[in-house]
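Residue-level listing of the chains:
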Amino acid sequence: MSAFRTRRPRRKPIRFEMDKEESKAMRKCQAIVQKLLRHKHAWIFDRPVDPVAENIPDYPMVVKEPMDLGTVNKRLASGFYDDIQSFSRDVRLIWSNAMLYNPIGHFVHTAATEISRAFEVAFKKVEANLQAQAAEKERKRKQPKQRKSVKAERRPERETDELTRLRREFLELRQKVDRAQQMEKKRGSHRSSKYHPVSKAEKASIMEKIQGLSEEDLTALVELLAPAGSGDMEIELDLDRLTSGTYKNLKGFLERRSSRRAQFSTPNFLHEVE
């Protein structure tokens, strides 16, 4: 009787999804490991320690968590590390294990110290760059709120500027209106100065005298007041629009005719005596 056994599918280790900056940092960590593997002392740390082959049976008792560059490199390639801190922990574990097992002065201890310094210089650059990117990301995340508050602070300034601009435009418009009114006033005064002012009583007196003129006198008056060379036998006399010259001619004409009529209408006392 044959037995049949089902296999359980192997679960993949849970991985946290890295953001863009962290992913870039991990690629730089891979470059650091590749550089360390080209170091002159890399042959000591590029593979796991073999206690049997190297005849150090007490190594497992001293070093509880072995680590090497080869293992770190494989873990990087498989996406094992969630962040650069877990990566740096494993790399530093390589040096600390070597210094722990090998006393000061031993060439392995000295090599671990030297290569450790090279790692720290390179890793600090990656760490600082990642921290700067994280700080910039946080600043951008808070920036909209700051921008909003700055807007709120600057709004009164903009309103003040707008009011100032409107006041300036109003004053300019008012000055234009004042200048236009002054010019119109000057033009009106100039127009009014062209005509001789005639009172109501004087108008009535003039009209009365004109109505008392004979046809011969009216014809003479028309010839006097009509424009030269016009040949008009009729004119429209507007007493409100008489120029000084016309007024003077009209008044002189009427006074002469009035005085002449007065002479002819005076009683002849000599005849009455006779």
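Note that residues are indexed from 1 along each chain, following the sequence as it is written. This being a predicted model, a pLDDT of at least 70 is required before a residue's local features are given, and a value of 80 or more before pairs of side-chain atoms are given or counted; all residues contribute to the totals for chains, interfaces and linings. Values shown for side chains rest on all heavy atoms present in the structure; no hydrogens or waters enter the calculation.

Colleague: I keep staring at a nonpolar patch on the surface and nothing clicks. Help me out?
Modeller: Patches here: salt-bridge-free residues with over 30% relative accessible area, like charges joined within 9 Å, nonpolar side chains (Val, Leu, Ile, Met, Phe, Trp, Tyr) joined within 5 Å. With residues, only the protein chains shown are counted as cover, and all accessible areas are computed by Shrake-Rupley using a 1.4 Å probe. Salt-bridge detection follows one rule: a side-chain nitrogen of Lys or Arg within 4 Å of a carboxyl oxygen of Asp or Glu. A contiguous nonpolar surface patch, about 300 Å² in accessible area, is contributed by Met61, Val62 and Leu100. The helix and strand labels rest on DSSP assignments: H or I over at least four residues marks a helix, E over at least two residues marks a strand, and numbering proceeds from the N terminus. Here Val62 lies in helix α3 (residues 59–62). The exposure class of Val62 is partly exposed, given its relative accessible area of 33%. The rule is simple: take the accessible area with a 1.4 Å probe, protein chains only, and divide by the maximum for that residue type; under 20% is buried, over 50% is exposed, in between is partly exposed.

Colleague: Can you walk me through unusual backbone geometry in this structure?
Modeller: A negative phi holds for most residues other than glycine; trans holds for most peptide bonds. The phi dihedral of Asn55 falls on the positive side, at around 55 degrees, and the residue is not glycine. One can find Asn55 in the loop between α2 (42–45) and α3.

Colleague: Hey, could you run me through the packing of helix α1 (residues 20–37) against helix α4 (residues 69–78) in this one?
Modeller: For helices, the fitted line uses only the C-alpha atoms of the stretch in contact; every axis is such a line through C-alpha atoms, and the angle between N-to-C directions lies from 0 to 180 degrees. Two numbers describe how α1 lies on α4: the axes approach to 10 Å, and their chain directions differ by 155 degrees. With respect to each other, α1 and α4 are oriented roughly antiparallel. For the crossing formed where α1 meets α4, the hand is left-handed. From α1, Met26, Cys29, Gln30, Val33, Gln34, Leu36 and Leu37 reach across to α4, where they touch Leu69, Val72, Asn73, Leu76 and Ala77. Looking at side-chain class alone, the contact of α1 with α4 contains 9 nonpolar, 3 polar and no charged residues. Roughly parallel here means an angle under 35 degrees, roughly antiparallel means over 145, roughly perpendicular means 65 to 115, and every remaining angle is called oblique. Crossing handedness is read from the near helix: turned anticlockwise from the far helix by less than a right angle, it gives a left-handed crossing, and turned clockwise, a right-handed one. The contact definition used throughout considers only heavy atoms, calling two residues in contact when any of these lie within 4.5 Å. Throughout, the ten residues Ala, Val, Leu, Ile, Met, Phe, Trp, Tyr, Cys and Pro are labelled nonpolar, Asp, Glu, Lys and Arg are labelled charged, and all others, Gly among them, are labelled polar.

Colleague: Where do I start with the pattern of salt bridges in this structure?
Modeller: Should the charged atoms of two oppositely charged side chains come close, the side chains can pair. In this structure the tally under the stated criterion is 12 salt bridges. Ionic pairing is found between Lys142 and Glu138, a salt bridge with its closest N-O pair at 3.8 Å. Taken together, the positions of Lys142 and Glu138, both in helix α6 (residues 107–194) and 4 residues apart, correspond to about one turn of that helix. For Lys142, a relative accessible area of 40% gives the class partly exposed. In this structure Glu138 comes out as partly exposed when scored by relative accessible area, which is 32%. When salt bridges that share partners are traced, they join Glu65, Arg75, Arg89 and Asp90 into one network.

Colleague: Help me understand the packing of aromatic side chains, please; the structure alone is not making it clear to me.
Modeller: The description of two aromatic rings rests on the distance between their centres and on the angle between their planes. Only the six-membered ring of Trp is used, alongside the rings of Phe and Tyr, when aromatic pairs are assigned; centres must lie within 6.5 Å, and planes under 30 degrees apart are stacked while those over 60 apart are edge-to-face, with the rest tilted. Applying the stated rule across the entire model yields 8 aromatic pairs. Considering the side-chain rings of Trp43 and Phe107, the 6.5 Å spacing of their centres and the 20 degrees angle between planes classify their relative orientation as stacked. Of the two residues, Trp43 is situated in helix α2 and Phe107 in helix α6; the sequence distance between them amounts to 64 residues. Ring centres of Phe80 and Tyr81 lie 5.4 Å apart, and the angle between their planes is 85 degrees; this geometry places the pair in the edge-to-face category. Note on Phe80: relative accessible area 36%, which makes it partly exposed. Three or more aromatic residues joined by ring pairs make a cluster, and in this case those are Phe80, Tyr81, Phe87, Phe119 and Phe123. The ring of Phe80 carries the charged tip of Arg75 above its face, separated from the ring centre by 4.5 Å. Distance and angle both matter: a charge sits over a ring if NZ of Lys or CZ of Arg is within 6 Å of the ring centre and within 35 degrees of the ring normal.

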